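# A look at the structure
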Amino acid sequence: LKRSSESKNHSGNSGKEYYMCVENEIYDRSGNLLEEARSGYLADLKRRRYSKKTIQTYGMPLKDFISFLAAREIHTPQDVSADQVDAYRLDLIERRLAPASQDLFLRAVRNLFGWLESTGALFLNPCRELVIHKRPPTLPQVPTEADIRRLLAEPNTATPKGCRDRALLEVA
């Protein structure tokens, strides 16, 4: 979102200040530039052939973040500070989102601001110092010996299907 040297909008009206996105689209400053940045970032992901699911997965947290900021009267990327990002992290915790969901939401925000910084639309990245800890993978629970015995005793071996099921369980 770079300031355009033009002072006219698409219909030729002048007197307003406009900003230009990377794709040379002109946006009215009275609009929500954070939403425009979100749209530009998601369009860039699409251009780089990210899957639709990935784009949706990042789109929803960014919409949530923009709503969080709008409630605080913040509508431009330049007005977002590290304190607001920290407040958003606290909001996610207070809403009792799972730690993995918190990480996803914050990663989406960090990636958006990284993209804005890489395109030259943002000079100071409020997420530069944002740390998202990698969580160690959790191991699946292993069934106990008693659980295995109960499972093997379940098929009725008096029937052909029961014998088949018992054989499959023993091989697996």
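Only a predicted model underlies this, so the values are computations on that prediction, with no experimental measurement involved.

### So, unusual backbone geometry
- Despite not being glycine, Glu 73 has its phi angle at roughly 60 degrees, a positive value.
- Here Glu 73 shows up in the loop between helix 2 (52–70) and helix 3 (82–94).

### So, the pattern of salt bridges
- Following the criterion strictly, the structure yields 10 salt bridges and no others.
- The salt bridge partner of Asp 44 is Arg 47, with a shortest N-O separation of 2.5 Å. A residue pair is termed a helical-turn pair when its members lie 3 or 4 positions apart in one helix, as Asp 44 and Arg 47 do in helix 1 (residues 33–47) at three residues.
- Between Arg 128 and Glu 117 there is a salt bridge, with the nearest N and O atoms lying 1.9 Å from each other. Separated by 11 residues along the polypeptide, Arg 128 in the loop between helix 4 (99–118) and helix 5 (145–153) and Glu 117 in helix 4 bring together distant segments of the chain.
- On the basis of relative accessibility, which here comes to 52%, the residue Arg 128 falls in the exposed class.

### Concerning the nonpolar core
- Ranked by internal contacts, the top residues of the largest apolar core, which has 31 residues, are Tyr 41, Phe 65, Val 80, Tyr 88, Phe 113 and Leu 116.
- Elements that contribute at least two residues to this core include exactly helix 1, helix 2, helix 3 and helix 4.
- Of all the elements, helix 4 adds the most residues to this core, at eight residues.

### Considerations on the environment of Arg 72
- Among the secondary structure elements, Arg 72 is positioned in the loop between helix 2 and helix 3.
- For Arg 72, a relative accessible area of 43% puts it in the partly exposed group.
- Separated by 12 residues in the primary sequence, Arg 72 and Gln 84 place their C-alpha atoms 9.3 Å from one another.
- Within the structure, Arg 72 has its side chain in polar contact with the backbone oxygen of Phe 68 (distance 2.8 Å).

### Some thoughts on the environment of Asp 103
- Structurally, the position occupied by Asp 103 is in helix 4.
- Overall, Asp 103 belongs to the buried group, its relative accessible area being 11%.
- Taking C-alpha positions, Asp 103 is 8.5 Å from Lys 134, a pair spaced 31 residues apart along the chain.
- Leave out the neighbours within four places in its chain, and Asp 103 touches Ile 132, His 133 and Arg 135.

### Section: helix 3
- In a regular helix each residue adds 1.5 Å, so 13 residues correspond to 18 Å; helix 3 covers 18 Å between its end C-alpha atoms and thus fits that length.
- Considered for burial, the residues of helix 3 that qualify are Gln 84, Val 85, Tyr 88, Asp 91 and Leu 92. Burial along helix 3 is one-sided: seen end-on, the buried residues are contained in an arc of 110 degrees. Facing away from the buried side of helix 3 by over 90 degrees, the exposed positions are Asp 83 and Glu 94.
- Where helix 3 is buried, its residues touch helix 2 and helix 4.
- Directly beyond the C-terminal end of helix 3, a positive phi value near 60 degrees is found at Arg 96.

### A word on the confidence of the model for the protein
- Residues with a pLDDT of 70 or more make up 82% of the protein, whose mean pLDDT is 83.
- Across the protein, the secondary-structure element scoring lowest on mean pLDDT is strand 2 (residues 18–20), at 37, and the one scoring highest is helix 3, at 96.
- Here residues 1–30 scores under 50 on pLDDT; set against residues more than four positions off or in separate chains, the count is 49 contacts.

Conventions we followed
- Residues numbered from 1 in each chain as written.
- Predicted model: local features only at pLDDT ≥ 70, side-chain atom pairs only at ≥ 80, totals over all residues.
- Heavy atoms only, no water.
- Helix = DSSP H or I, 4+ residues; strand = E, 2+ residues; numbered from the N terminus.
- Salt bridge = Lys/Arg side-chain N within 4 Å of Asp/Glu carboxyl O.
- Buried < 20%, exposed > 50% of the residue type's maximum accessible area, 1.4 Å probe, protein only.
- Core = buried A, V, L, I, M, F, W, Y, C linked by side-chain atoms within 4.5 Å.
- Polar contact = N/O pair within 3.5 Å; in protein donor to acceptor, adjacent residues only side chain to side chain.
- Contact = heavy atoms within 4.5 Å.
- Expected span 1.5 Å × (residues − 1).
- Arc of directions from axis to C-beta.
- pLDDT = per-residue confidence, 0-100.

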